[in-house]
Structures are given as C-alpha cells and as structure tokens.
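Examination of the molecular architecture
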Amino acid sequence: MFLLFTGDPASRTTEVVDNVMIYIVAISVLLLIGVTVTMVYFVFKYHRNKGHKPVDIHGNVWLEILWIGIPTILVMTMFYYGYMGFRVIRDIPDNVFEVNATARMWNWQFNYDNGKITDTLYIPLDPPTLLHLSSVDVNHSFYVPAFRVKEDVIAGRENYLILQPAKTGDYDVACAEYCGLNHSMMYTKVKVLTPEKFNLWYSDTSSVSAAKATKAGL
Amino acid sequence: MANGVIAENNRSFFEESTNRHSGILSWLLTTDHKRIGILYLIAISAFFIVGATFGILMRLELIAPGETLMGPQTYNSFFTLHGVIMIFLFIVPGLPAIFGNFFLPLQIGARDVAFPRLNLLSWYIYILGAILVVTSLLLPGGPVDTGWTFYIPYSVRTGTNVSLAIFAAFVLGFSSILTGLNFVTTVHRMRAPGMDFFRMPLFVWSMYSTAWIQIIATPVIGITILLVMMERLFGIGIFDPSLGGDPILYQHLFWIYSHPAVYIMILPAMGIVSEIIPTFARRTIFGYKAIAFSSLAIAFVGYLVWAHHMFTSGISDTARWIFSFLTFIVALPSGVKVFNWVATMYKGSIDPKPPFLWVMSFIVLFSIGGLTGLVVGSLATDIHLHDTYFVVAHFHYVMFGGTGTIFFAGLYYWYPKMFGKMYNIKVANISVGLFFVAFNLLYFPKFILGYQGMPRRYYDYLPEFTQLHLISTIGSWIMGITLILIFANLIYSLLKGAKAPQNPWGGVTLEWHISSPPPLENFHEIPYVDHEPYDFSLLEKMKNESH
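Residues numbered from 1 in each chain as written. Chains lettered and ligands numbered in written order. Predicted model: local features only at pLDDT ≥ 70, side-chain atom pairs only at ≥ 80, totals over all residues. Heavy atoms only, no water.

This part covers the domain arrangement of chain A. Residues and elements named next belong to chain A. Along its sequence, chain A is organised into domain 1 (12-49 + 59-90) and domain 2 (97-204). For domain 1 versus domain 2, the distance between C-alpha centres works out to 36 Å. The partner domain 2 presents nine residues to the eight residues of domain 1 that form the contact. Here domain 1 packs against domain 2, burying approximately 850 Å² in sum over the two surfaces, 38% of which is carbon and sulfur. Across the domain 1-domain 2 interface, the total number found is two salt bridges. Across the pair Glu 151 and Arg 90 runs a salt bridge, and its minimum N-O distance is 3.4 Å. Elements represented by at least two residues in the side of domain 1 that touches domain 2 include exactly α1 (12-45) and α2 (61-90). The class makeup of the residues in the side of domain 1 that touches domain 2 is three nonpolar, two polar and three charged. (Domains from an automatic or database assignment. Contact = heavy atoms within 4.5 Å. Buried area = accessible area lost by both parts, 1.4 Å probe. Salt bridge = Lys/Arg side-chain N within 4 Å of Asp/Glu carboxyl O. Helix = DSSP H or I, 4+ residues; strand = E, 2+ residues; numbered from the N terminus. Nonpolar A, V, L, I, M, F, W, Y, C, P; charged D, E, K, R; others polar.)

This is the structure we're talking about:
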C-alpha cells in the first residue's frame, strides 16, 4: 500500500527519488527495530523483579566512537545518494522544450513559445520540459506527485523545474505552498503526449489566432 | 550531605509564600521559582488543551472530502491557530518554563533562580503575549490565516489580524529571552558548593544549552517580526516583491530563529529523559559527557541548518547541498543520545513505572521522527516530500511524540514532588498505552499520505486519500480521550490522591533530598555536593532523610 513503487515509473525522477527513499527507509527501519528491540529486551532482562544488582557502567569510549562513526558513514551515504538524485532532478538537459508557467490565486496558466495559452499543461514525452515558474501574487509551489518533483513559485523571481516523463498519461499538479482560501483546490493536470500527438496539438494554433482576432476586433 | 537538608517546620511552598499577601495575590506576586513554575504549568496546559481542540476539530473536518464542519477560511484559521498556540504558547516555553523553573534551582542546590523578580516578569510577559493572541482572534478582520510561518507576501496581503498575532509572538519572545538569561546566570552563579559542571544533572545541562539558544536566536525573530509589521503598516519594501523586496529573505530570517527553536523545544525533553532513565534503572547514566556535549553540539550545529526548510524555494543548488550536508551532521548527536539512553538500561534494575513507560514510548516515537528527518534532509526525497503530509507527520513525531510525550513523562515523574500527591499508577499505565496507539493511528497515516502526494495545509483533498484520513481522524478521537485521562488522573489525585513520599521513585538528584512538596527556599542548609549526579549508593543514606 505504502510504496507506490509498483508498475512503471511515470518519470525518470520518480525512479530516482523512490530508490533514495527505499535506501534511507531500509536503514532507518533496521535502526528503529534495533533500538526498540534492545530497549524492550533490557527492560525484561533487567526488570527489578528479577533481583539483579544494578551495575554502574559509566560509559565506553569505543562504543561511543562506534555509534558516532557508523551513523556518520550511513548518513553520508544518504547525503550522497540524495545529492546524486537531486542532480538528476535539477540538471538541465541540452535539449528541452520550454514553457512559462504562471501561478496566481488560485489557478495556473501555461504560455508556450508559439503563443498558445492553456490552464492544463501539455508536454511531449520527449524531450524533457523546462518550466519557467513565476507568480503574479503570493508564493505557490508547482508539484507533480507522480514525478516526485516540485519547486516553489515565488513572487518577484523566476524558478525552474524540469519534467522528465517516462510514460504518456495525465498526472495531477498540486499547489504545495500555502496560498490562501482555495489553496487546496489549485489543482491542474499535466498531459504527457507522444511526440507525434504533441506536435499535432502544438501546431494547432487556431485558438491563438482566435484570441488575436478577438483582440484585433476590440 | 544528608545533614540539614530536611525541612525543619514541614511547611511547603504551598503554605508559605514569598510575600505578605494571602490567597490568589500571594501567587500573582510570588517570586518563588516553584510557584512561578506552577503558574506556567496552569497557563501552558490550558493553551495545550485549546491547541489540541483545534487539532481535533481540524481532523474532524478532514474525515471526508468536501465540507464537513467548516468552510475553507475557518479551516485555514484553525491550522494557523493550532500552530501558533502549540508552538509559541505550548512547546517553546513549555518544558523550560514549567520544569526548568521548578527543578533547575532544586537540582543545583539553589534557593531560587538568579533573578526571581525577572522570573515573575517573564510569566507576565507570557500572559500578555497570550492575551494578544486571543485578542487577535476576536477583533474585526478575523483570526490570522497565514499558517504559523507567516510567509510573505501572503501575510502582507491578507486582511486578517496578522500584525497583532505576530506582535504577540514578538512579546512572547521576550519572555523566552529573559527566561534564558535567568537560567544561564543561575547555572553559572547559583550552583551548590562542590557541584562543578560535570556534577550537574543532565537536565541542567540541557536547560543550559536551551537557554543559550533562547538568548541568541530569539532576537532574530523579534527583528523579523518588526520588519513584517513595518511592511504591513508602512510598505517599506524589504520583503514584499511588489515593492522591490525579497520574500526569500523573509524565509531565511524566519528559519534562522525557527530552526534553532526546534532545539529549544526538544533539548529540555532530552534532559528529562536523561533524568528518568537512571532513576528507574537505578544505575548511573551511560556516557554522561557524551550526552552533555551532544546537547551543546545540537545547540551549535542547530544554528547552521535552517535553509533545509527552503530546499524547494529556489535558493541556489550549492546552498541546498551545503544545508543538506549540515542537516545530516545535526542528526548525529541525537543518535548518540538515543544509544546512550538505551545503554543506560543495560545491567540496571529496571522498574517500569509510568514515567519510564512514557520514556520508552518517547524513544520509539522520537526515533521515528528523527529517522524520517533523514528522509526530508536528503535532497532528492525532500524535493518530493517538502510541504506534504510527510513533513506534518515528521514534525508531529518529533514535537508531539518527542517533546509532548516528555511533557507528560516529566509531569508524571515530578508530579509527586511538585504537589506531594500520588496519582493512580494503573490508570497512568493505561494512559501511556492508549497514547502510543492513538498517536500512531493519528500520525502514521500521514507519512503514507505525504508520499502519495497529499500537500499540507489542505482544506480539501482528492478522493483517493479518504481512507487514510479517516484512520487519522479516528486516531484523533482516541487521542482526545487519552488526553482527558492523562489530565483527569492528575487533577483527581490533586484533590483525593494519597500523600506522596519524599522520594517515591528512588531518585538521587538533589530534588529528592527535600520534602514533597518542597519548602519555601528549598534547602534549609545548602548541600555540599561531593558525588556525581546519578550515584545510587546514596539511596541507603537517603532513607534517613525522609520523614
């Protein structure tokens, strides 16, 4: 149930993040079980009812070194895997499709280079998409749970996020930074299309010309 | 040291006051650290119950998707108030103000803190801050709806009473700073003869580390709050991007205080754990110096990790990996403490009375909280889990499972000393068990929700999250019942409980050498300390002290 780690990952980053997660959680579960079992065992073994005479042990330098040293190595490996995964999430590939995403209370707007404007994000399966994130009011955060990525959308600056889908389909986009009344309803979707279908969609600029015509008509 | 530490006239601090008044005035004008500790206990417990009520009502709203109980504006105010009350009125002041006040002077063999009047003033400042928080709920404009973090620009734009609420936090900060100053001075100047730093009980060490964070970190939030108020009132353009300000600067300044504040919350709890385990294992603490220095290490490294709250905010990738690295470093001293605590149980003579059971529950819950901290300290996983329910679960395991559990542990450990009454042990044991079950039902589903992509501070949610939310809400009901049981047991025993002996658990730190409740000015003759804090060979001699 927990680990939605089944099936094909929706994106390259999904796989990377899930692997780091499995690594850290596996070590953590072992440590937790180790500490808990030892504690419960001691409580039974050295229960006062058994009449042991307590022994004052003031400490042990080797043990201290051991339980500082081993955790240090463990957390450094966690840091390293986390960092390597982070590079996959953040490094901008050479060839990207670029979209400007604008957040406002409480919806998203996506502007494409050819003038198309949508409230649902359409992206090709390949190449990866580079989102330029900006906000016109307060802070928001562009979050695609299925891809395991998010980046805050901060008023007054431009952040970026890379989407590297591995499968076509529709995925939820949530706002993850509290932005007021309808924060929880600021959902949209990212629609990942095959490159062919995407090009078909992208080259249909009738809505753009319609918008321009309306503007000209004014 | 047994000579002369016994109360001569058997009158406790409840019967004798520091001033000529009687009744309620003798309490409101008291400079006795023990009475001030109890004043804090009453006020802080009251706000804990208020904060918990907000939490239970939020959980009720979240029992199913859509509106159940309240609209989104009310819900947004509820989670803000839950946060503000629990952080600023319960968990930051909680353990230092209650147990620090009451037991720090007792444990170092002092008659009071260094500045008793300042101590009373700190309580009044706390009450003033609390009144301001309550006022901000009632005034037109409506209760603040920004979340307890008051992130800009939203906090500049909302029409709710943000200025008053953050001013309350500003005022409360002074209470914290003054208490910190008082404790640092007390530890340096008021220790009984013979008590060098390495003969201090570990609770004193943890209070000492905490006090330094209170003094050094709290002014940062004070200044930040003033800047936000100026921004709201005069539009000076420091943080607000529409005026050329930088909202990220606000986040930096906020977390430069608020991350060390997390250690203000947890360090005293760790100190209390280090008291309870030796007493109930009846042997000396394992790794005294490792535990003492790890408190200082946490206090120091704790200053350098604040930006891990901002991994997705758009700060540079370099800043992100540096802060991730430091975050993993700060995990180590906490690990050292846990290992030493468990080692202290080795070859002890363990009597698992309620305070010890609370501590066992703490070690499991706090370990889960700490280990999931590694998950959100790691960059790749945090990018996914930041601002989701995973983080909500993580900090409730650390703060409530950690500090909250130890609030009860401390209360059940020292209650007989503070009030001279004993509670019902059987009911107390049941409370701990129920608490552990309720806690995990309430918060563990949130880890899963977070990984599934449920963002935090959400009034409504997608249908696929319903089941886990339902489990969590059921947990909140059991938790509510447990909290009633916990407090009812204490209140009942206050009125009808059996008289507690001087040393019900067989503790050896100085507070167990005086009567329960302690006399005014604690010690008729200041003890000379010629032994380590957890030397249980003293128990034989101490039998003659009680009466």
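Residues and elements named next belong to chain A. Here α1 crosses α2 at 170°, and the two axes come no closer than 9 Å. For the element pair α1 / α2, the angle class is roughly antiparallel. For the pair α1 and α2, contact is made by Arg 12, Thr 13, Val 16, Val 17, Val 20, Tyr 23, Ile 24 and Ile 27 and by Leu 74, Thr 77, Met 78, Tyr 81, Gly 82, Gly 85, Val 88 and Ile 89, respectively. (Axes fitted to C-alpha atoms, helices over the stretch in contact; angles between N-to-C directions. Parallel < 35°, antiparallel > 145°, perpendicular 65-115°, else oblique.)

Here we take up the nonpolar core. Core analysis: the largest hydrophobic core is formed by 256 residues, its most contacted members being Phe 142 and Leu 163 of chain A together with Phe 99 of chain B. Among the elements that take part in this core, helix α9 (residues 247-281) of chain B stands out by supplying 20 residues, more than any other. Each of two domains, domain 1 (12-49 + 59-90) and domain 2 (97-204) of chain A, supplies a minimum of three residues to this core. Those residues in contact with Phe 99 of chain B that sit more than four places away from it in its chain are Gly 94, Leu 104, Phe 203, Ile 272, Phe 407, Gly 410, Leu 411, Trp 414 and Met 418 of chain B. (Core = buried A, V, L, I, M, F, W, Y, C linked by side-chain atoms within 4.5 Å. Buried < 20%, exposed > 50% of the residue type's maximum accessible area, 1.4 Å probe, protein only.)

For the rest of this paragraph, the subject is the confidence of the model for chain B. Detail in the predicted coordinates should be disregarded across regions flagged by low pLDDT. Considering every residue of chain B, the mean pLDDT works out to 94; 98% of them sit at 70 or more. Counting interchain partners and residues more than four positions distant, the pLDDT-below-50 stretch residues 1-7 of chain B has 21 contacts. (pLDDT = per-residue confidence, 0-100.)

Here the focus is the interface of chain A and chain B. Contact with chain A, which involves 80 residues of that partner, is made by 90 residues of chain B. Summing both partners gives a buried area of about 7,300 Å² for chain A against chain B, and 68% of it is carried by carbon and sulfur. For the pair chain A and chain B, the number of links is four salt bridges. At the junction of chain A and chain B, the tally comes to 30 residue pairs in polar contact (both at pLDDT 80 or more). Broken down by secondary-structure element, the contributors of at least two residues to the side of chain A that touches chain B are α1, α2, β7 (149-153), β8 (159-163) and β9 (169-175) of chain A. In terms of residue class, the side of chain A that touches chain B is built from 48 nonpolar, 17 polar and 15 charged. (Polar contact = N/O pair within 3.5 Å; in protein donor to acceptor, adjacent residues only side chain to side chain.)

This part is about a nonpolar patch on the surface. Taken together, the side chains of Met 230, Leu 233, Phe 234 and Ile 236 of chain B define a hydrophobic patch exposed on the protein surface, amounting to about 420 Å² of accessible area. Among the secondary structure elements, Met 230 of chain B is positioned in helix α8 (residues 202-234). (Patch = residues over 30% accessible without salt bridge, like charges linked within 9 Å, V, L, I, M, F, W, Y side chains within 5 Å. Areas by Shrake-Rupley, 256 points an atom, 1.4 Å probe, with all protein chains shown as cover.)

Considering all chains together, one arrives at 91 aromatic pairs over all chains under this definition. On the numbers, 5.6 Å between centres and 45° between planes, the contact of Phe 99 of chain B with Trp 414 of chain B is tilted. Taken as a pair, Phe 99 of chain B in helix α4 (residues 94-107) and Trp 414 of chain B in helix α14 (residues 389-419) lie far apart in primary sequence, 315 residues in all. Of the two residues, Phe 99 of chain B and Trp 414 of chain B, both sit in the buried class. Between Phe 408 of chain B and Phe 487 of chain B the ring centres are 6.1 Å apart and the planes differ by 80°, which places this aromatic pair in the edge-to-face class. Taken as a pair, Phe 408 of chain B in helix α14 and Phe 487 of chain B in helix α16 (residues 466-496) lie far apart in primary sequence, 79 residues in all. Phe 487 of chain B carries the same exposure label as Phe 408 of chain B, and that label is buried. Sitting over the face of the ring of Tyr 143 of chain A, Lys 150 of chain A holds its NZ or CZ atom 3.9 Å from the ring centroid. The ring of Trp 27 of chain B carries Arg 35 of chain B above its face, with NZ or CZ at 4.4 Å from the centroid. (Phe/Tyr/Trp six-rings, centres within 6.5 Å; stacked < 30°, edge-to-face > 60°. Lys NZ or Arg CZ within 6 Å of the ring centre and 35° of its normal.)

Quick look at the sheet that holds strand β5 (residues 129-135) of chain A now. Strands belonging to one sheet form pairs held by backbone hydrogen bonds; the direction of such a pair is parallel or antiparallel. Residues and elements named next belong to chain A. Here five strands make up an open sheet; going across it, the order is β3-β2-β1-β5-β8 and the pairing mixed. Two strands in the sheet have a free side with no partner beyond their single neighbour: β3 (117-118) and β8. Pairing of β5 with β8 involves five bridges; the strand directions are antiparallel. Residue pairing in the sheet places Leu 130 in a bridge with Ile 162 of β8. (Pairing = 2+ DSSP bridges.)

Bringing helix α7 (residues 162-189) of chain B into the picture now. End to end, α7 of chain B covers 41 Å across 28 residues, agreeing with the expected 40 Å (1.5 Å per residue, within 8%). Of all 28 residues that make up α7 of chain B, 21 are buried, and the element is covered over most of its length. (Expected span 1.5 Å × (residues − 1).)

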